[in-house]
Amino acid sequence: MRPFRQSRVATLVVGAVFVAFSLGSVGTSWQLAAAAASPSAITALAVADAYIQKSKPSTNAGSASSLQVDNSPVKNFLVGFTLTGIGLGTVDSARLRLYATDPSRVGGTFTLTATAWSESSVTWNNAPAGTTTVGTLGAVATGGWYELDVTSAVRADGTYSFRASSTSADGANYASREDTQGRGPQLVVTFTPPPAPTPSPTPTPTTTASPTLSPTPTPPGSTPAPTPPNRAEPVIMAAGDISCDPADPSYRGGLGTTTTCQQAATANLIAAESPNAVLLLGDNQYETGSLANFNAAFAPTWGRFLGVTKPAPGNHEYGTPGAAGYYDYFGALAGDPTKGYYSYDIGTWHIVAVNSNCSAIGGCGAGSAQEQWLKADLAAHPAECIAAYWHHPRFTSGEHGNATFMQAIWADLYTAGADVVLNGHDHDYERFAPQDALGTADPSGIREFVVGTGGKSHYGFLTSQANSEVRDTGTFGALKLTLGAGRYDWQFLPVSGATFTDSGTASCGSSTDTSPPSVPSGLTATASSPTAVDLSWSASTDNVAVTGYEIDRDGQPIATVVGTALTYTDTTARAATTYSYTVRARDAARNWSAFSAPAPVTTPASAAANAVFSDDFELGSMTNWTSSGTSGKWTVQGARVHAGSFAAQAITTTGAAYAKRNLSVAVATGYFRSYIYLASGSSAEVKLMRLRTAADVSLLTLSVLNGKLRLCRDYPTPCATVADSATAFTSDAWHSLEIRLSVSGAGSSADVWLDGSLVAFNPPLTGDWGTTPIGKLQIGEVATGGSWNVTYDDVVFDTSRIGP
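What you see is a predicted model, and the numbers here were worked out from it, not measured in a lab. (Residues numbered from 1 in each chain as written. Predicted model: local features only at pLDDT ≥ 70, side-chain atom pairs only at ≥ 80, totals over all residues. Heavy atoms only, no water.)

> In this structure, what is going on with the overall build of the protein chain? I would like to understand it.
When helices and strands are tallied, the protein chain shows five helices and 51 strands. Taken over 804 residues, the protein chain has a buried fraction of 54%. Counting only contacts in the protein chain whose residues sit at least 6 apart along the sequence, the fraction spanning at least 24 positions is 72%. When the accessible surface of the protein chain is split by element, carbon and sulfur atoms take 53% of a total near 30800 Å². (Helix = DSSP H or I, 4+ residues; strand = E, 2+ residues; numbered from the N terminus. Buried < 20%, exposed > 50% of the residue type's maximum accessible area, 1.4 Å probe, protein only. Contact = heavy atoms within 4.5 Å. Areas by Shrake-Rupley, 256 points an atom, 1.4 Å probe, with all protein chains shown as cover.)

The following block contains the structure:
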C-alpha cells in the first residue's frame, strides 16, 4: 500500500474525557484516544473475523492478525459478535470499533450479513454477501481506533455479522482478534436498562460505610459504575479469580476461550444486574496483580463497576511486592495498604472485608492485629445480619484444601453471629450448609459460598467436604445476594450460554431472644489414655432451649456438640501434657453463656516413650540422627513447633536436606509417624518420609506432589510402583502423617494415615517389597535440585499403630 500522509487532527477536551477526531477527504472517521463509555455500556469482543480475497477464492485467512479491505486486489473482511447483557433494555447507540494498522483515504463500506460462517473455513467463495449497508468509514491513519455507528443494525441481544469492502486501490488494514496486543474489533453498545420495579412503601435503608473511604480517581481504561436502580432491598454481586494476564495465550485480546479468560462475559453478566455493590474475592488480576495488567485487562471489564466495587486481595495480587498494583489501582477502596481489611454497612447488613494473605499483614491467628481488629469491629457494629469475605476458603472441596489458618477469623465471626462468608481461590462454585466455629453443621451457623468463577479458569473437586450441599465446576458466573431485613436470597448467575444455577433463601440475624443460657456446671476431665480425655458436665437451662455446647481447651475451641449431649471425648490430646478445659452453652439465637469453671487434667506418658524410636527434638539438637545431609540445611528451632519447645526444620533451594536414623532392631512390620509442617512455595514434589533397610536401600517413600499425597514402592527400583491420592495435604499447617509398611514378599502392603484418617490411594499400593526388613528411617530428601521448607516434630517409629 502507498504511504498516506495523515490529515489534520483536531482535539477536544471535556472534563476527564479526551476525544480526538480526524477530518478525512472521504467521509468522516472518529478516532478515540481515551473514550469514557456510557454508564450503561457493554463492550463485546469479536468472536470471529477473517479477510477474504477474490483472486484467491478458496483461501481462508481466519488466523491472520490483520483484517484487510482493498479494491486492488479485491479484499473484503468479515467480523462477527455475540451481544448479551441488554435484556429488556433499550439500545441507545452501537458502535463498531476497529484499530487501524495501515492508512487509507477510504476506511471501507460496511454491510450487515448472515451469521452462518466460520472463521476457520470462510473463503471468498462461501462468504455471506452483504445485505443492508450500515455505514462507511472515511480516511484512517495508522495507530488509532476508529468507530462506525451501527445502531440501525444492533437493537437487542443477539449475533451480528458485518462485511467490509472498499472502492480504493489504496486499501486499509485493521487489527484482527488474533492481534497479540489486544486491539481486536469491538462492538460498544450503550443502552437504557428497563425501569426498576416500584419499591414497596418501606423506605430504602441508608447505606453507610465504615471506615469512610475517600474518592478514588477512575483508573485508566475503566468507566464509571452504573447507578444502581432504586430497590427496597440492596443487591450485591460477588466472585473471585477473575481477569487473565494479557500475556496469557488464552487471553486473545480479552476474548478468551470457552474454558479460560472469560472476564468480559462475567462483567457483562454483572452489568445487567446493576448491583449496589460488587465484592471482589481475590485473585482479581492475574498473574501478579501488576498495575499495568489491572489497567489493560481488569479495567475494561470489571473496572466498569469501580464506583461500587469493594475489593479483597488474593495471593496473586501479592505476586507484586506488597500488592502494590492492587492498592495503586483501587486506592482508598482497598483500605490501608498495610492491612487490606476494612468494613462497611449496606442496608441493615454489616459487611467485613478480610485479608487472608496472612504472612503479608502479620498473621490471621488468634491475637494477630487483624483478628483483634475484627473482634473490635464486630463488637462496635451489632448489625442484624453480618457477612464477611476473603480469598482463601476456610472449608472447600476444591483442589487447594481447607485454609485452616483462617480458623480464628471464622470462629470470631461465628461467635459474633455472622451469617454468610464468601471466598474464592478454588476456581469452582460450592455452597455449604451453615456451620459452627469448627465446621460442624449448625442451623444457626455461617453459610459459606466459594465463588472462584469470575473468569480465569476452572478447577476440579477432591473429596467432598462435610456439609457441602452444592458443587459445580465448569461454569463461569457470579453470586447474587439480595440483602433483606432478617433474610437473604442467593442466586448463582451463569454467563450467557451456561445452564448451571443455584438459588435459595435463608433467615439471618438474631431473634428477639437476648437471654443467654445458664453457665454449665460440674465439668470434669478424665484422661482415659495418653491421647484421650473424657469430658462431662451438667445441663444448662435457657428461657427457650439450649441447642449445644462449645468445648475449649487452654482457651481455644476444639469441638462443639449439638443438642442435649453432655459428654465429649478429646482424642487430639498429647501424652504427658497438662490441659485446662472449659465449656459454654448456646441457644438458637446464638446467645452464649459464660464459660464454666476450668477442669484441669494431665495425660499419662505415651506408649511412644517405649517405642522402638522416638524424637521430639526437645534436646535442642539432632543428636539422635546418624546423618543430617548437607551441612547447614537443618535447624533445630523454637519458632515453629507442633508441641514443646523445639522442632527440626530443613530449608533448601538446591542441595539435599535429609536426616537418617538406624533402628536398634530391624522389623518386618513398622509404623512411622511424624508431625510435619510444609511451607508454601516449596517445589511441586517434596519427599517427606522414607523407610529403608539397614543397608540403606529405600523401601517406601511418602511425598507431596502438587498438594496431594503420593506413595512410591522403591523395591526393587526407585518408584517401581506409584500410587496417588486425591487427598489434599495443605501447606502452612501442621499435619500428622503415619506410614505402615509390612515387608513380606508378595504379601507386602502399606497404608498411610493423614491426621488420623486412612488415606485412599488409586490404585492401592501393593506389590513385592522383598523380605529384607525395615532398618532405617529417613526424613527429608537426599536428591538435589528441589526447593522446600519443611519442619518435623514428634517423630515416632513402633511396631503397632501410633495414632495422631
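> I would appreciate a short explanation of the side chain of E430 in the present structure.
Turning to its location among the elements, E430 is positioned in strand β24 (residues 429–432). At 4.5 Å, R471 is the nearest oppositely charged side chain to E430, a buried residue that forms no salt bridge. Within the local environment of E430, its side chain forms a polar contact with the side chain of S397, the two groups lying 2.6 Å apart. There is a polar contact of 2.6 Å between the side chain of E430 and the side chain of S468. Residues within four places of E430 in sequence aside, it is in contact with T396, S397, G398, E448, F449, V450, F461, S468, V470 and R471. (Lys, Arg positive; Asp, Glu negative; His and termini not counted. Salt bridge = Lys/Arg side-chain N within 4 Å of Asp/Glu carboxyl O. Polar contact = N/O pair within 3.5 Å; in protein donor to acceptor, adjacent residues only side chain to side chain.)

> I tried to follow the state of the cysteines on my own but got confused; where do I start?
Working definition of a disulfide: a covalent bond connecting the sulfur atoms of two cysteines. Taken as a whole and judged by the stated rule, the model has four disulfides. Put simply, C385 and C508 are joined by a disulfide, and their sulfur atoms are 2.0 Å apart. Handedness of the C385-C508 disulfide follows from its S-S torsion of about 70°: it is right-handed. In this pair, C385 is assigned in strand β22 (residues 385–389) and C508 in the loop between β29 (502–507) and β30 (521–529), connecting sequence segments 123 residues apart. (Disulfide = S-S within 2.5 Å.)

> Help me understand the pairing of strand β4 (residues 41–45) in this model?
When a strand is regular, its side chains alternate between the sheet's two faces. With four of its five residues buried, β4 lies for the most part within the structure. Direction of pairing for β4 relative to strand β15 (residues 186–192): antiparallel, over a ladder of five bridges. Note on β15: the bridge partner recorded for L45 is Q186. (Pairing = 2+ DSSP bridges.)

> What is the right way to read the sheet that holds strand β19 (residues 309–312) from this model?
Strand pairing within a sheet occurs via backbone hydrogen bonds; the two strands may be parallel or antiparallel. Here we have six strands laid out as an open sheet, ordered β19-β18-β17-β27-β28-β29, and mixed in their pairing. Each edge of the open sheet carries a strand with a single partner, namely β19 and β29. Going from strand to strand, the sheet's axes swing by 20° on average, the running direction of each strand aside. Sheet topology places strand β18 (residues 277–281) next to β19; four bridges connect them, and they run parallel. From the neighbouring strand, V278 faces β19, where its bridge partner is T309. Sheet contacts for helix α1 (residues 263–273): β17 (235–239), β18, β27 (477–483) and β28 (487–494); angle to β27, the most-contacted strand, approximately 20°. (Axes fitted to C-alpha atoms, helices over the stretch in contact; angles between N-to-C directions.)

> What exactly am I supposed to notice about the pattern of salt bridges here?
Opposite charge on two side chains permits them to pair, given that their charged atoms come into close proximity. Enumeration according to the criterion identifies 23 salt bridges in this entry. With a shortest N-O distance of 3.0 Å, E738 and R801 are connected by a salt bridge. Here the residue E738 occupies a position in strand β46 (residues 734–742), and R801 occupies one in the segment after β51 (788–798), the gap between them amounting to 63 residues. Owing to a relative accessible area of 36%, R801 belongs among the partly exposed residues under this scheme. Salt bridges sharing common partners tie together R431, R447, E469 and D502.

> Sorry, what's going on with the nonpolar core here?
Ranked by internal contacts, the top residues of the largest apolar core, which has 58 residues, are F330, Y389 and L422. Examining the composition of this core, we find that five residues originate from one element, β18, more than from any other. One finds F613, M622, L702 and L709 within the second-largest nonpolar core, a separate group that totals 45 residues. (Core = buried A, V, L, I, M, F, W, Y, C linked by side-chain atoms within 4.5 Å.)

> Which parts of the structure should I look at to understand the sheet that holds strand β35 (residues 578–587)?
Taken in spatial order, the four strands make up an open sheet running β33-β32-β35-β36, and their pairing is antiparallel. Of all strands in the sheet, those with a lone pairing partner are β33 (556–562) and β36 (599–602), marking the two edges. Recorded for the sheet is a direction-independent mean angle of 30° between the axes of neighbouring strands. As defined by bridge partners, strand β32 (residues 546–553) adjoins β33 across six bridges and the pair is classed as antiparallel. Across the sheet, the residue bridging to E550 is T560, located in β33.

> Before we go on, may I ask you to explain the pairing of strand β5 (residues 48–53) in this structure?
Of all six residues that make up β5, six are buried, and the element is covered over most of its length. Here β5 shows two buried faces, one formed by A48, A50 and I52 and the other by D49, Y51 and Q53. Note that β5 and strand β8 (residues 74–83) share six bridges and pair antiparallel. By the bridge assignment for β8, A48 is matched with G80. Summarising the sheet, β5 and strand β6 (residues 56–61) pair through two bridges and their orientation is antiparallel. Each residue of the ladder has a partner; that of Q53, found in β6, is K56.

> I keep staring at the packing of helix α4 (residues 369–380) against helix α5 (residues 407–415) and nothing clicks. Help me out?
In a packed pair of helices, the relevant descriptors are the angle between the two axes and the axis-to-axis distance. Contact geometry of α4 with α5 gives a least axis separation of 10 Å together with a crossing angle of 10°. Between α4 and α5, the angle falls in the class roughly parallel. When α4 is examined against α5, the residues Q370, E371, L374, K375 and L378 are found in contact with a partner set consisting of A408, I409, D412 and L413. Across the contact of α4 with α5, the residue classes tally to five nonpolar, one polar and three charged. (Parallel < 35°, antiparallel > 145°, perpendicular 65-115°, else oblique. Nonpolar A, V, L, I, M, F, W, Y, C, P; charged D, E, K, R; others polar.)

> Sorry, what's going on with the packing of aromatic side chains here?
Aromatic ring pairs: the centre-centre distance and the angle between the two ring planes describe each pair. Within this structure, the stated rule accounts for 29 aromatic pairs. Considering the side-chain rings of Y429 and F492, the 4.7 Å spacing of their centres and the 40° angle between planes classify their relative orientation as tilted. Within this pair, whereas Y429 is found in strand β24, its partner F492 is found in strand β28, the two being separated by 63 residues in sequence. There is no split in this pair, since Y429 and F492 are both buried. Ring geometry for W634 versus Y792: centroids 5.9 Å apart, planes at 40°, classification tilted. Taken together, the residues W634 in strand β38 (residues 634–637) and Y792 in strand β51 connect sequence positions 158 residues apart. For Y792, a relative accessible area of 0% puts it in the buried group. The rings of F294, F298, Y326, Y327, Y329 and F330 are connected pair by pair, giving a single aromatic cluster. The ring of W124 is capped by R163, whose NZ or CZ atom sits 5.1 Å from the centre of that ring. Sitting above the plane of the W753 ring, R801 keeps its charged end 4.1 Å from the centroid. (Phe/Tyr/Trp six-rings, centres within 6.5 Å; stacked < 30°, edge-to-face > 60°. Lys NZ or Arg CZ within 6 Å of the ring centre and 35° of its normal.)

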